[in-house]
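Single-letter residue listing:
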Amino acid sequence: MHNEEFMDKVSVIVETDGLLRHYITSVVIKDIKSRISDNRFTSLNSNHIHAALLLKAIAPCALKDFAALMRLSKSAASALVERMVENSLVVRQPNPHNRREILLSVSPDFEEHVVFVRAELANWFASLIEDLGEETFEQWYSVMQQLNTVILQKIRSPHT
């Protein structure tokens, strides 16, 4: 059992993560999206772009893995993927190792835009990090590397 101080610290992390995610999705990605030059993608919302960024990190992947990463039910993730396929963001391909499974990836048409969005997000984070200082940045980087490894393991092997 964890003590109250530990749980208070966990709460700060969770709340800050939520605040950061909300700010990135509702403000930063919205601004970046406005600078995507391809007219085919002007009707996209920030959630589509956020989903494409996350998919890029684990692609190719099954719908269940994408749903887990997006924190969505399988049916909600399926509806999101369908809209993304219709908007040329995502492609579906049969899994060469399991022909009953379909794998999702960012479409080649949207790939260059995902690269642009990632670069712009990196620029935004770089300016945020300047305010935090080098030492805090290095600590944050170390923790995020470890967290990334743990999360990707859990996504790919949810029963461990």
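Shown above is the structure to which this text applies.
Here the residue numbers are simple positions, counted from 1 along each chain's written sequence. It should be noted that, the model being predicted, local features are given only for residues of pLDDT at least 70 and side-chain atom pairs only at 80 or more, the latter also being counted only at that level, while totals for whole chains, interfaces and linings use all residues. Side-chain figures throughout are based on the complete set of non-hydrogen atoms in the structure, without hydrogens or water.

Peer 1: Can you help me understand the packing of helix H1 (residues 4-33) against helix H5 (residues 108-132) in this one?
Peer 2: A pair of packed helices is captured by two measures, namely the crossing angle of their axes and the spacing between those axes. To get an axis, a line is fitted to the C-alpha atoms, and for a helix only the part in contact is used. The angle between two axes follows their N-to-C directions and goes from 0 to 180 degrees. To qualify as a helix, a DSSP run of H or I must reach at least 4 residues; to qualify as a strand, a run of E must reach at least 2; elements of each kind are numbered from the N terminus. Look at H1 against H5: their axes get within 11 Å of each other, and the N-to-C directions meet at 120°. Viewed along their axes, H1 and H5 adopt a mutual orientation that is oblique. Viewed along their axes, H1 and H5 form a crossing whose handedness is right-handed. On the side of H1, the interface is formed by Leu-20, Tyr-23, Ile-24, Val-28, Ile-29 and Ile-32, while H5 contributes Phe-116, Val-117, Glu-120, Leu-121, Trp-124 and Phe-125. Grouping the amino acids of the contact of H1 with H5 by side-chain chemistry returns eleven nonpolar, no polar and one charged. Should an angle fall under 35 degrees it is taken as roughly parallel, and over 145 as roughly antiparallel, whereas 65 to 115 is taken as roughly perpendicular and any remaining angle as oblique. Crossing handedness follows the turn of the near helix against the far one: under a right angle anticlockwise gives a left-handed crossing, and clockwise gives a right-handed one. Two residues form a contact once any of their heavy atoms are found within 4.5 Å. The classification used treats Ala, Val, Leu, Ile, Met, Phe, Trp, Tyr, Cys and Pro as nonpolar, Asp, Glu, Lys and Arg as charged, and all other residues, Gly among them, as polar.

Peer 1: When you look at the sheet that holds strand S2 (residues 90-95) in this model, what are you seeing that I'm missing?
Peer 2: Strands belonging to one sheet form pairs held by backbone hydrogen bonds; the direction of such a pair is parallel or antiparallel. Any two strands between which DSSP finds at least two bridges are classified as paired. The antiparallel open sheet is built from three strands, whose spatial order is S1-S3-S2. Two strands lie at the open edges of the sheet, namely strand S1 (61-62) and S2, each paired on one side alone. When S2 meets strand S3 (residues 98-106), the two strands line up antiparallel, connected through six bridges. Across the sheet, residue Arg-92 finds its bridge partner in S3, namely Leu-104.

Peer 1: I keep staring at the pairing of S3 and nothing clicks. Help me out?
Peer 2: In summary, the side chains of a regular strand alternate between the two faces of the sheet. Across two bridges, S1 lies against S3 in antiparallel orientation. Bridging across to S3, Ala-62 finds its partner in Leu-103. Adjacent in sequence and paired antiparallel, S2 and S3 are bridged by two residues.

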